[in-house]
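Chain residues, written in single-letter form:
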Amino acid sequence: MGRYVIRRTGAAIATLIAASIVIFAFIHLIPGDPVYVMLGDGATPDQVAALRDKMGLDEPLVAQYLIWAGNALQGDLGQSIFFETPVTQVILAGAETSILLALITMVWIIAFGVPVGILAAIRQGTMIDQGLSGLAMLLASVPTFWVGLYLILIFAAGLGWLPSSGYPSIFEQGGLANLSYLILPSLALAAPNAALILRLTRASMLDVAREDYVRTARAKGIRPSRVVLRHILRNALLAVVSAFGFTFAALISEAVVTETVFALPGVGRTVVQSIMRRDYPVIQGVILVIVCMFLVINLIVDLSYRLLDPRVELE
Amino acid sequence: MRQILMIWARPLALRPMTAIGIAFLLLIVVFAAASPWIAPYSPNEIDPVNRLLPPGGAHLLGTDHFGRDTFSRLVYGSRLALLIGVGVVTFALASGVPIGILSALYPTLGKVLMRMVDVLMSFPSLLLALGLIVILGQGVFNAILAIGLIYLTTTARIVYGVALRLKAEPYVEAARSAGAGPWWIITRHILPNMISPLLVQASFVFAFAQLGAASLDFLGLGAPPEIPSWGNMLAESRIYITRASWLLIWPGLMIVLTAFSLNLVGDALRDRMDPRFRKMVGK
């Protein structure tokens, strides 16, 4: 186990280094001089020289990367051109919205996807199963922003039950009641992802149901409901729970579209706005943080999977 | 030939839902091929007097904020949808298949290539596409490349897995010991046995390309506004949703039904690959 942990962690670090090189190269792959592009046509030579100097663009490429990566390791992702504040601050400003949105979305995904997936598996081959599987496929085919626009139209503009846009922090006036701003966005974001978890739960249940120990359990005369709960479900959920990790990481980036529809002050909308503003350090910083998060979550999932299920022998 | 056709057609025809999906996809193809004859108006014909008209009358599905005919724009939009789908699938297969097969046949090269695929996969897909759009600039062709890059990785992974399994098959071993070169093995043994999983992958990639392109359009980073696309239609009608909610339904439905139909087809093809299912329908 110890050797596995070291090897798996090493692989994750190697991937992170490679990914960071790609993210670093990004700013140099943009056609034209990035400094001119970022500052616009009206920039004076002094401004250009100052920014070039600040970003260290006159150093050799390898030195530039090492400086950039070294700073990133110390939590310094550079300066935002637009806000003129550190990129880390820009990211932290959107973090609360993005993380809460992803958490609430996960609640919907788990509350809907897992039980409905179990139901479909138990009723395999029946009309219920076909209906639910069809529903899952339909949900997976729906653009989240379209769902979002309809939710706004019905529940915000029509019925007036929930706010249609924006999100004031829960630490501001209104407190936890401000979470109501995230209900419609999280539902829109949950739709396609709940469908994926539903399908995964169903497939995983059916996989386990074919195992020898399930047949043995049935042959011993154990009540069918107990076989499903104790023998199938407990083992099937292992695969499902391990999918929660990367679903959560994926939500943060998929939220780019949802945050734009609902005008939420999250990290995703910051990325889109930074693209429009050509604020490249912010784009780089956000992508680096999200990739990092994705790799860490995957690492934790892999290691705990191995811990929970000793049969999993990965080379 | 007829027999081959039956093997493929049967599982599709067995399910009424899949047949409906295929019918819808055919409708899109007809829309795209015969747009000028089907659409009553030019998709970009501006008519300020008749803006935001509700459905009915001279404009079957109403008009948008420029007075453009919604139905005509929907019909022309199917052209872009097909172009994006075909483009993304072509790119993903043309890049992912060689990467996967070469990685399986040459383990040293494979280590490097699959590692690179892993790195690309550590990027969340939408952010990867957005980053590429920033580098390449906005446009239909660049949208295809950006979305295609996402599916290069998944395609390469799937192909790699299948090729590894095929490589260990006795008939490939036999061909190799009989002196067959890599080109022979790839074209005679590996590729032909890979058609089923590739078809399944192609239909899913086609479906998700629609959703990806719609997201880019919605963010204003996809097709330029002068090209009628379903995603752009939704993005443009967004500020009018309370005044003209009918503008929201049709482009959205076109995206959903196209993606749904392709998913249905992909699912049916996947079941066909499953030997248990094949036994059920008698090969």
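Structure's up top.
Please read these numbers as outputs of a predicted model, since none were measured by experiment.

Asks: What is the right way to read the overall build of chain B from this model?
Replies: In terms of helices and strands, chain B carries 13 helices and zero strands. Mapped in sequence order, the helices and strands of chain B form the string α-α-α-α-α-α-α-α-α-α-α-α-α. Dimensions of chain B, computed from C-alpha atoms along their principal axes, come out at roughly 75 × 45 × 30 Å. Taken over 283 residues, chain B has a buried fraction of 53%. Pairs at least 24 apart in sequence give 72% of the contacts found in chain B among residues at least 6 apart. Of the roughly 12900 Å² that chain B leaves accessible, carbon and sulfur atoms contribute 70%. Computed over 22 positive and 13 negative side-chain charges, the separation of the two mean positions in chain B equals 12 Å.

Asks: Got a minute to help me understand empty space enclosed by the protein in this structure?
Replies: Over the atoms, a rolling probe the size of a water molecule traces out where space has been left empty. All names here are of chain B. Overall, the coordinates contain three cavities of 30 Å³ or more when judged by the stated rule. Considering only enclosed or pocket space, the largest cavity measures out at about 100 Å³ in volume. At the level of elements, α4 (70–105), α10 (195–218) and α11 (230–237) are the ones that each hand at least two residues to the lining of the largest cavity. A breakdown of the residues in the lining of the largest cavity according to their chemical character gives seven nonpolar, four polar and one charged. The calculated volume of the second largest cavity comes to roughly 80 Å³. In terms of lining residues, the second largest cavity is bounded by Asp64, His65, Thr70, Arg73, Met233, Glu236, Ser237, Leu247 and Pro251. Of all the secondary structure elements, the ones that give two or more residues to the lining of the second largest cavity are α4, α11 and α12 (246–273). At three residues, α11 tops the list of elements feeding residues into the lining of the second largest cavity.

Asks: Could you clarify how one ought to interpret the side chain of Asn232 of chain B in this entry?
Replies: Residues and elements named next belong to chain B. Mapped onto the secondary structure, Asn232 falls in helix α11. Polar side-chain contacts of Asn232 include one of 3.4 Å to the backbone oxygen of Pro224. Setting aside residues up to four positions removed in sequence, Asn232 forms contacts with Asp217, Ala223, Pro224, Pro225 and Ile227.

Asks: Explain unusual backbone geometry here, please?
Replies: Most peptide bonds adopt trans geometry, and most residues besides glycine take a negative phi value. Residue and element names in this part refer to chain A. Notably, Ala263 is not glycine yet its phi reads approximately 50°, a positive angle. When you line up the elements, Ala263 lands in the loop between α10 (224–261) and α11 (267–277). In the Ramachandran plot, Arg278 falls in the positive-phi region, its phi being about 55° despite a non-glycine side chain. Among the structural elements, Arg278 can be located in the loop between α11 and α12 (280–308).

Asks: I would appreciate a short explanation of the interface of chain A and chain B in the present structure.
Replies: Accessible area lost during the coming together of the parts is what is often quoted as the interface size. Chain A puts 41 residues into the contact, and the matching count from chain B is 38 residues. Between chain A and chain B the total buried area reaches about 3600 Å² when both faces are included, carbon and sulfur atoms providing 80% of it. When the buried area of chain A at its contact with chain B is split by residue, Met137, Phe145 and Trp146 of chain A rank highest and sum to 17% of it. Scanning the region where chain A abuts chain B turns up one salt bridge. The tally of links between chain A and chain B comes to nine residue pairs in polar contact (both at pLDDT 80 or more). Of all elements in the fold, only α1 (2–29), α6 (127–140), α7 (144–158), α10, α11 and α12 of chain A reach the threshold of two or more residues within the side of chain A that touches chain B. Sorting elements by how many residues they give to the side of chain A that touches chain B places α1 of chain A first, with eight residues. Per-class residue counts for the side of chain A that touches chain B are 34 nonpolar, five polar and two charged.

Asks: I tried to follow a nonpolar patch on the surface on my own but got confused; where do I start?
Replies: Together, Met1, Leu307 and Leu308 of chain A give the surface a local cluster of nonpolar side chains, amounting to about 340 Å² of exposed area. Along the chain, the position of Leu307 of chain A falls in helix α12.

Asks: Explain the pattern of salt bridges to me, please; I cannot follow it from the model alone.
Replies: A pair can form between side chains of opposite charge whenever their charged atoms are brought close. One pass over the full model with this rule turns up eight salt bridges over all chains. Notably, a salt bridge pairs Arg73 of chain B with Glu236 of chain B, separated by 4.0 Å at the nearest N-O pair. One end of the pair, Arg73 of chain B, is in helix α4; the other, Glu236 of chain B, is in helix α11, with 163 residues separating them in the sequence. Via salt bridges that share partners, Arg199 of chain A together with Asp267 and Arg270 of chain B belong to a single interconnected network.

Asks: Help me understand the packing of aromatic side chains, please; the structure alone is not making it clear to me.
Replies: Each aromatic ring pair is specified by the distance between its two centres and by the angle formed by the two planes. Under the counting rule described, the total for this entry stands at nine aromatic pairs over all chains. Relative to Tyr65 of chain A, the ring of Phe24 of chain A has its centre 5.4 Å away and its plane inclined at 70°; by these criteria the two rings are edge-to-face. In this pair, Phe24 of chain A is assigned in helix α1 and Tyr65 of chain A in helix α4 (residues 61–73), connecting sequence segments 41 residues apart. Taken as a pair, Phe24 of chain A and Tyr65 of chain A share a single burial class, namely buried. Between Phe31 of chain B and Phe71 of chain B the ring centres are 6.3 Å apart and the planes differ by 90°, which places this aromatic pair in the edge-to-face class. Placement of the pair is Phe31 of chain B in helix α2 (residues 16–33) and Phe71 of chain B in helix α4, with a sequence separation of 40 residues. Across the pair, Phe71 of chain B and Phe31 of chain B agree in class, each one buried. Through pairs of rings, three or more aromatic residues link up here, namely Phe24, Tyr65 and Trp68 of chain A.

Here is what the cut-offs are and how they apply
Residues numbered from 1 in each chain as written. Chains lettered and ligands numbered in written order. Predicted model: local features only at pLDDT ≥ 70, side-chain atom pairs only at ≥ 80, totals over all residues. Heavy atoms only, no water. Helix = DSSP H or I, 4+ residues; strand = E, 2+ residues; numbered from the N terminus. Buried < 20%, exposed > 50% of the residue type's maximum accessible area, 1.4 Å probe, protein only. Contact = heavy atoms within 4.5 Å. Areas by Shrake-Rupley, 256 points an atom, 1.4 Å probe, with all protein chains shown as cover. Lys, Arg positive; Asp, Glu negative; His and termini not counted. Charge placed at Lys NZ, Arg CZ, Asp CG, Glu CD. 1 Å grid on protein atoms, 1.4 Å probe; cavity = no way out; pocket = protein on both sides within 12 Å on 5 of 7 lines; lining within 4 Å. Points joined across faces, edges and corners; volume = space filled by probe spheres on them. Nonpolar A, V, L, I, M, F, W, Y, C, P; charged D, E, K, R; others polar. Polar contact = N/O pair within 3.5 Å; in protein donor to acceptor, adjacent residues only side chain to side chain. Buried area = accessible area lost by both parts, 1.4 Å probe. Salt bridge = Lys/Arg side-chain N within 4 Å of Asp/Glu carboxyl O. Patch = residues over 30% accessible without salt bridge, like charges linked within 9 Å, V, L, I, M, F, W, Y side chains within 5 Å. Phe/Tyr/Trp six-rings, centres within 6.5 Å; stacked < 30°, edge-to-face > 60°.

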